[in-house]
Amino acid sequence: MKSLTVAAILAVTSVCLAGPTTQPAVSPATQPSLALAAAGAEPHYPTPAELIKRMKELNDKQAKASKVAYFDLSRPVAEGPAAFSLFGDDASSTIRSIVDRLHSARDDKDVRAVLMTLGEHGMNLAQAQEIRDALNTVRHAGKPTFVYADSYDTVGYTLATGATNICLLDGGEIMIPGVGMETMFYKGLFDKVGVKADYVQIGEYKGADESYTRTGASEELKGELNKLIDAIYDQIVDGISFNRNLPHEAVKQMIDETILTAAAAKSRGFVDHVVDEDGLRDLLKKELGNDVDLLHDYGRTPRESVDMSSPLAFFQLLGKRPQPSDNPAIALIYAEGVISDGEGGDGLFSEGGIGGESIRKALRSAARDENVKAVVIRIDSPGGSALASEVMWQAARHVAAKKPVIISVGSMAASGGYYLASAGDHIFADPSAIVGSIGVVGGKFVMKDLYDKLGLTTETFKKGQNAGLFSSNDPFTDRQRRLVTNWMRGTYEQFTQRVMKTRSGKIKDIDKVARGRIFLAEQAKELGMVDEIGGITDAVAYAAKTAKLGEGKYDVRVLPQPRTLADMLGFGGGPEAATPIRPKIQISADSLLNTLSPQARRLLTEQLQAIQLLQKHPVLLMSPFVVTVQ
């Protein structure tokens, strides 16, 4: 509660001092109490001194209450800010903003504890681990931390283990089914409808074409996926065991049982309190031994209010975008999704993906800005276009010639994603990050038999021996297959050369980490593919240190800035808004995706984007799978 101002006190006092006004002799609408009337007592009006005393008591009571920083994760946690923001700001919950706000609560002398509630968070395992580790820093600072959920899955419970107090709804449960992975193979369907996937891959462990050319995984791919599952499972067990101080066997037993009721979870030490959300305040009072003052949206930058009654003010705010300060800054660039050429976001699912040209522009802007002293690239990508990967690598190395370029790997930097990561001077990776898949896949879909079944005929006119190289009517001839294979080998050699350009002396033998192999972050670190295990906050701090910036004496500037509605309409005034964007009509596709969970939505989107890329590009740097942990 805010302190009452002198003006407010005087306003109340003036009303009280006025006393009852003289009125005609009429019956009052309400009668005084019989006791007051019988005693003949006059109503008591507080004096200004009494009012001030009462307000001081209320303020003192509020000041004595324990301040609790509250984090509501009932909405999906995003990797980076939205590409579009109505007024140029961004109030979404990004992983970096949550971690930074937790660190602020840790260092804030006025904050006694932290409360976090989980809803449909939509996080991946890497993001949950970053928040868990941030909660651990609050705990080590001697401040109690509370995490509540109606139920916990693997990701949510991983996050919660960083808290001193895990709270669960009575009637809720913990459900951790272990780690499973499903791969789908389309060859049987293609055979039935008359489609042939004519593909070649470089790297026997790559496996990116197997979904289209086989009915089951090769032994090489099976080995890679089993290795990955084992590593993720061990990491989950180790994390729960360490943070909850429970034996490994107890955690494994819980996973084998899969579903643990709230009562059983509490009796076995997996949760600390069985309570509903409405009982959290009373729980906090009991645990802290004091009244509590919940600081909602702790650490968020307040939104600028909009005067809807003034059209002029509204349109001024519409075209307004945050102006960068003259402070030293670290540029933060997000590379999330499938890599494609150009600006990205073309095709059926325009909402996601990495455009090689968009990243190049952002890097170019960072290189030219004298206030930007270092660059951090946050990567979460299974790869994609080989050409776009090279475009971004070159752009990043141009920046690195002038300023430090630090990489932060989220859940994945595979194939083209690792191609981009290798452009950095120093690579951080989250513990559960998947790294590697250095290999190449290429080819085309041949649909002649499908056309015949549908009654479609084509007639080809061409000149030149390879004019029909990418025709959907005919498979590659032997000569064409050699041509494509040689092309792919050249791309593979370029890929490995790019990696060794920056990782020479760290990676001892490129052949042992290439050929399509995949690794979890810790193993990748041992092999020299990654420098440190850590999250995006660690990468930013390292960039600041490398650029010799004082702690806390710099800004973090996201590039490119989110587009505003003014940009979309073409009158935003910014250099990136010179060309109006014509929104695409994608109602049916968006309606389908909106019915899915965030994990399933991403899985389907990336798989379909991969198919689109395979239709457009003969050579790809693409991981053969997407991993989600439930």
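Located above this text is the structure these notes cover.
Just so you know, these numbers come straight off a predicted model, no measurement behind them.

Caption draft 1: Expanded view of the overall build of the protein. Helix and strand content of the protein: 24 helices and 20 strands. Taking the intrachain contacts of the protein between residues at least 6 apart in sequence as the baseline, contacts between residues at least 24 apart amount to 75%. Here the protein displays about 31200 Å² of accessible surface, and carbon together with sulfur accounts for 54% of that area.

Caption draft 2: Region of the structure containing the environment of Thr537. Tracing the sequence through the fold places Thr537 in helix α21 (residues 536-546). Apart from the residues lying within four places of it in its own chain, the contact partners of Thr537 are Val99, Asp100 and His103.

Caption draft 3: Quick peek at the nonpolar core. Of all hydrophobic cores here, the largest spans 56 residues; its most connected members are Leu363, Val375, Ile377, Tyr418 and Met529. Not counting residues up to four positions away in its chain, the partners in contact with Ile377 are Ile333, Ala335, Leu363, Ala396, Val405, Ile406, Ile407, Ser408 and Leu420. Ala105, Val111, Leu221 and Ile236 belong to the second largest nonpolar core, which has 55 residues in total.

Caption draft 4: Representation of the sheet that holds strand β1 (residues 66-73) within the structure. An order of β8-β4-β3-β2-β1-β9 is seen for the six strands of this open sheet, with the pairing classed as parallel. Across the chains shown, the open sheet's two edge strands, defined by having one partner strand only, are β8 (273-274) and β9 (292-295). Strand direction decides the pairing type here: β1 and strand β2 (residues 111-118), joined by seven bridges, are parallel. Looking at β2, one finds that Tyr70 is bridged to Leu115. Sheet contacts for helix α12 (residues 280-288): β1, β2, β3 (145-149), β4 (165-168), β8 and β9; angle to β9, the most-contacted strand, approximately 125 degrees.

Caption draft 5: A look at unusual backbone geometry. Following Leu559, the chain continues to Pro560 via a peptide bond in cis, the omega torsion being -10 degrees. Locating Pro560 in the fold gives a position in the loop between β19 (555-559) and α22 (565-569). Residues other than glycine seldom take positive phi values, yet Asp297 does so here, at roughly 50 degrees. A positive phi is found at Ser415, a non-glycine position, where the angle reads about 50 degrees. By secondary structure assignment, the location of Ser415 is in the loop between β13 (405-414) and α16 (416-421). Judged by relative accessible area, Ser415 falls into the buried class, the value being 0%.

Caption draft 6: Up close: the packing of aromatic side chains. Summed over all chains, the structure comprises twelve aromatic pairs. Where Tyr199 meets Tyr212, the ring centres are 6.4 Å apart and the plane angle is 35 degrees; that geometry is what we call tilted. Highlighted residues: Tyr199 in strand β6 (residues 196-202) and Tyr212 in helix α8 (residues 210-213), separated in sequence by 13 residues. Residue Tyr212 is classed as buried on the basis of its relative accessible area, which comes to 6%. Each ring, one from Tyr419 and one from Phe495, has its centre 4.7 Å from the other, and the planes form 35 degrees; the classification is tilted.

Caption draft 7: How the structure looks around the pattern of salt bridges. Taken as a whole and assessed by the stated rule, the structure comprises 25 salt bridges. For Arg132, the salt bridge identified is with Asp133, shortest N-O distance 3.1 Å. Take Asp133: its relative accessible area is 34%, and that puts it in the partly exposed class. The salt bridge partner of Lys361 is Glu343, with a shortest N-O separation of 2.8 Å. Taken together, the residues Lys361 in helix α14 (residues 356-368) and Glu343 in the loop between β10 (329-340) and β11 (354-355) connect sequence positions 18 residues apart. Residue classification places Lys361 among the partly exposed residues on the basis of a relative accessible area of 42%.

Procedures and definitions
- Residues numbered from 1 in each chain as written.
- Predicted model: local features only at pLDDT ≥ 70, side-chain atom pairs only at ≥ 80, totals over all residues.
- Heavy atoms only, no water.
- Helix = DSSP H or I, 4+ residues; strand = E, 2+ residues; numbered from the N terminus.
- Contact = heavy atoms within 4.5 Å.
- Areas by Shrake-Rupley, 256 points an atom, 1.4 Å probe, with all protein chains shown as cover.
- Core = buried A, V, L, I, M, F, W, Y, C linked by side-chain atoms within 4.5 Å.
- Buried < 20%, exposed > 50% of the residue type's maximum accessible area, 1.4 Å probe, protein only.
- Pairing = 2+ DSSP bridges.
- Axes fitted to C-alpha atoms, helices over the stretch in contact; angles between N-to-C directions.
- Phe/Tyr/Trp six-rings, centres within 6.5 Å; stacked < 30°, edge-to-face > 60°.
- Salt bridge = Lys/Arg side-chain N within 4 Å of Asp/Glu carboxyl O.

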